[in-house]
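Listed below are the residues making up each chain.
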Amino acid sequence: MRLSARVDYALRAAAELAAVAERGGVGRSRPVTAEQIARAQEIPPKFLESILLQLRRGGIVHAQRGPEGGYWLARPAAEISLAEVIRVIDGPLAHVRGQRPEQLGYHGAARALQDVWIALRASEREILELVTVADVARGSLPGRVNELAADPRAWN
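What this report covers is the structure whose coordinates are included nearby. Fair warning: this is a prediction, and the values are worked out from it, not measured in the lab.

This next bit is on the side chain of D135. You can see D135 is positioned in helix α6 (residues 133-138). Here D135 sits buried without a salt bridge, and the closest side chain of opposite charge, R138, lies 4.9 Å off (N-O distance). D135 has contacts with L130, S140, L141 and P142, leaving out every residue within four places of it along the chain.

Below, the structure written as C-alpha cells:
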C-alpha cells in the first residue's frame, strides 16, 4: 500500500487536532491555526492549507476565519476512522491502474488476481476502519493492529 504525502499530512493534522481537543477537555476545542499544526507536525504550511480545505469540504474539520480562527475536528476523534480521512483526500482505498478491483477484467490464468485485489482491499479497509484518529492521537491502537505491527514479518 502506498499513501500519498497528502494523506500522510492529513492524518497527522487530524491527529494533532484530536490531541488538542483531548487536552482541552469535553466539547469543541479551541481553533488551531494551520501554522500551529504545520509547526507541530513539520508539514509545509502552504501544502497543509490545501489539505485542510479538503478535510473541511469532506466534513472532517470545521474552520473559522479571523483572529480567533483556526480548525477543529467536526466530530469526536473516536468517530473518525483513518479510512474516512484517506477517502476524503485520495478517494477509494484500493485501485488497480485507477480502477476498482471488481471492475477489472482478468482472464484465463490471471483471473484469480481480481479476488486477490478485492481481498487486499478488504484487509486494508478492516484495519483503516478499525483505527480512529483518537487512537492515533492517544498512541493507543487496537489490539489487532498492535499484534500485526509486532510481527517481525510485517517489515518484510
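Our next topic: the pairing of strand β1 (residues 61-64). Strand direction decides the pairing type here: β1 and strand β2 (residues 70-73), joined by four bridges, are antiparallel. The residue of β2 that forms the bridge with V61 is L73.

Another point: the environment of Q54. With respect to the helices, strands and loops of the structure, Q54 is situated in helix α3 (residues 45-57). Assessed through its relative accessible area of 22%, Q54 is described here as partly exposed. Between the C-alpha atom of Q54 and that of I89, which follows or precedes it by 35 residues, the distance is 6.6 Å. Ignoring sequence-local partners within four residues, the contact set of Q54 consists of R6, V88 and I89.

A separate point is the packing of α3 against helix α4 (residues 82-90). At their nearest, the axes of α3 and α4 sit 9 Å apart, and the two run at 110 degrees to each other. Compared by their axis directions, α3 and α4 come out roughly perpendicular. Crossing of α3 over α4 shows right-handed handedness. Together, I51, Q54 and L55 of α3 and V85, V88 and I89 of α4 make up the contact between the two elements. Considered class by class, the residues forming the contact of α3 with α4 number five nonpolar, one polar and no charged.

The next subject is the nonpolar core. In this structure, L48, L52, L55, L73, V85 and V133 are the most contacted members of the largest nonpolar core, which totals 35 residues. Mapped onto this core, the elements with two or more residues apiece are α1 (5-24), α2 (34-41), α3, β2, α4 and α6. In terms of residue count, the dominant contributor to this core is α1 (nine residues). Not counting residues within four places of it along the chain, the set of residues in contact with L48 comprises A13, A34, I37, A38 and I43.

Definitions and limits used
Residues numbered from 1 in each chain as written. Predicted model: local features only at pLDDT ≥ 70, side-chain atom pairs only at ≥ 80, totals over all residues. Heavy atoms only, no water. Helix = DSSP H or I, 4+ residues; strand = E, 2+ residues; numbered from the N terminus. Buried < 20%, exposed > 50% of the residue type's maximum accessible area, 1.4 Å probe, protein only. Lys, Arg positive; Asp, Glu negative; His and termini not counted. Salt bridge = Lys/Arg side-chain N within 4 Å of Asp/Glu carboxyl O. Contact = heavy atoms within 4.5 Å. Pairing = 2+ DSSP bridges. Axes fitted to C-alpha atoms, helices over the stretch in contact; angles between N-to-C directions. Parallel < 35°, antiparallel > 145°, perpendicular 65-115°, else oblique. Left-handed = near helix turned anticlockwise from the far one by under 90°. Nonpolar A, V, L, I, M, F, W, Y, C, P; charged D, E, K, R; others polar. Core = buried A, V, L, I, M, F, W, Y, C linked by side-chain atoms within 4.5 Å.

This is a description of form; function is not addressed.
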